[in-house]
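Results of the structural survey
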Amino acid sequence: MSDNQSVFRVDKFIVPQASKQEFLQRVLATHEILRKQPGFIQDQLLEQVAGPGRYNIVTIAQWQSQATIDAAKAVVMEAHQAMGFSAQETMQRLGIEGDIGNYQVIGG
C-alpha cells in the first residue's frame with residue numbers, strides 16, 4: 001500500500017497554559033495505545049504558542065486506512081471507559097477547543 005492511500009488523523013487543540021500539562025499527559029497516553037494498533041504508520045505531536053497563555057497542539061497520525069482508524073478508535077474508547085475517563089468532559093473542564101478530522105493526500 002502506498003502512502004497516498006493512507007489516511008491522516010489530524011487533531012488541533014487550543015489549550016490554555018494552565019491545562020497544558022494534564023492535556024499532554026492524556027495525549028501521550030492515548031498515543032501509546034494507538035502506536036500499538038494494527039494499521040498505525042507514524043505520528044507527530046506538534047505545538048505552537050498561540051498567544052499569551054495559549055497553545056495550539058496538533059497531533060497527526062498516519063494510518064493504513066479508515067478501517068484501521070475506526071478499529072483503533074474503538075480500542076481507545078474501551079481503554080478510556082475502563083479508566084472512567086471521558087475525553088469530552090475533560091476537554092470541557094480544561095477549557096480546550098478542538099478541531100478533529102481525517103484527511104487523505106490530494107491526488108491519492
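Refer to the structure above for everything that follows.
Heads up: these notes are all about the structure in this document.

1. Focus on helix α1 (residues 17–34)
Under the 1.5 Å per step criterion, the end-to-end length of α1 is 25 Å for 18 residues, consistent within 8% with the ideal 26 Å. Taking the largest bend as the criterion, α1 deviates by roughly 30°, centred on F23. Taken residue by residue, α1 has S19, K20, F23, V27, T30, H31 and L34 as its buried positions. Lining the buried residues of α1 we find β1 (7–16), β2 (40–51), β3 (54–63), α2 (66–83) and α3 (87–94).

2. Quick look at the sheet that holds strand β4 (residues 97–104)
Hydrogen bonds along the backbone pair up the strands of a sheet, which may run parallel or antiparallel. Ordered in space as β2-β3-β1-β4, the 4 strands form an open sheet in which the pairing is antiparallel. The open sheet has two edge strands, β2 and β4, and neither has a second partner. Shown here is a sheet whose adjacent strand axes are inclined to one another by a mean of 15°, direction ignored. Alignment of β2 against β3, held across 10 bridges, turns out to be antiparallel. Considered in β3, the bridge of Q42 is made with Q62. Its contacts with the sheet place α2 against β1, β3 and β4, and it is angled at close to 120° to β3.

3. Notes on the pairing of β1
The pairing of β1 with β3 spans 10 bridges and is antiparallel. The partner of D11 across the bridge, within β3, is T59. Note: β1 against β4, 8 bridges, orientation antiparallel. Counterpart to R9 in the pairing with β4 is N102.

4. Considering the side chain of T90
Inspection of the secondary structure puts T90 in helix α3. Not counting the four nearest positions on each side in its chain, T90 is found in contact with E22 and F85.

5. Section: the pairing of β3
For β3, the buried fraction is high: 8 of the 10 residues fall into the buried class. What sits between β2 and β3 in their antiparallel hairpin is a turn of 2 residues, with G53 showing a positive phi close to 70°.

The rules we used
- Residues numbered from 1 in each chain as written.
- Predicted model: local features only at pLDDT ≥ 70, side-chain atom pairs only at ≥ 80, totals over all residues.
- Heavy atoms only, no water.
- Helix = DSSP H or I, 4+ residues; strand = E, 2+ residues; numbered from the N terminus.
- Expected span 1.5 Å × (residues − 1).
- Bend = angle between axes of the 7 residues up to and from the residue.
- Buried < 20%, exposed > 50% of the residue type's maximum accessible area, 1.4 Å probe, protein only.
- Contact = heavy atoms within 4.5 Å.
- Pairing = 2+ DSSP bridges.
- Axes fitted to C-alpha atoms, helices over the stretch in contact; angles between N-to-C directions.

Function-wise, these values are silent; they only describe arrangement.
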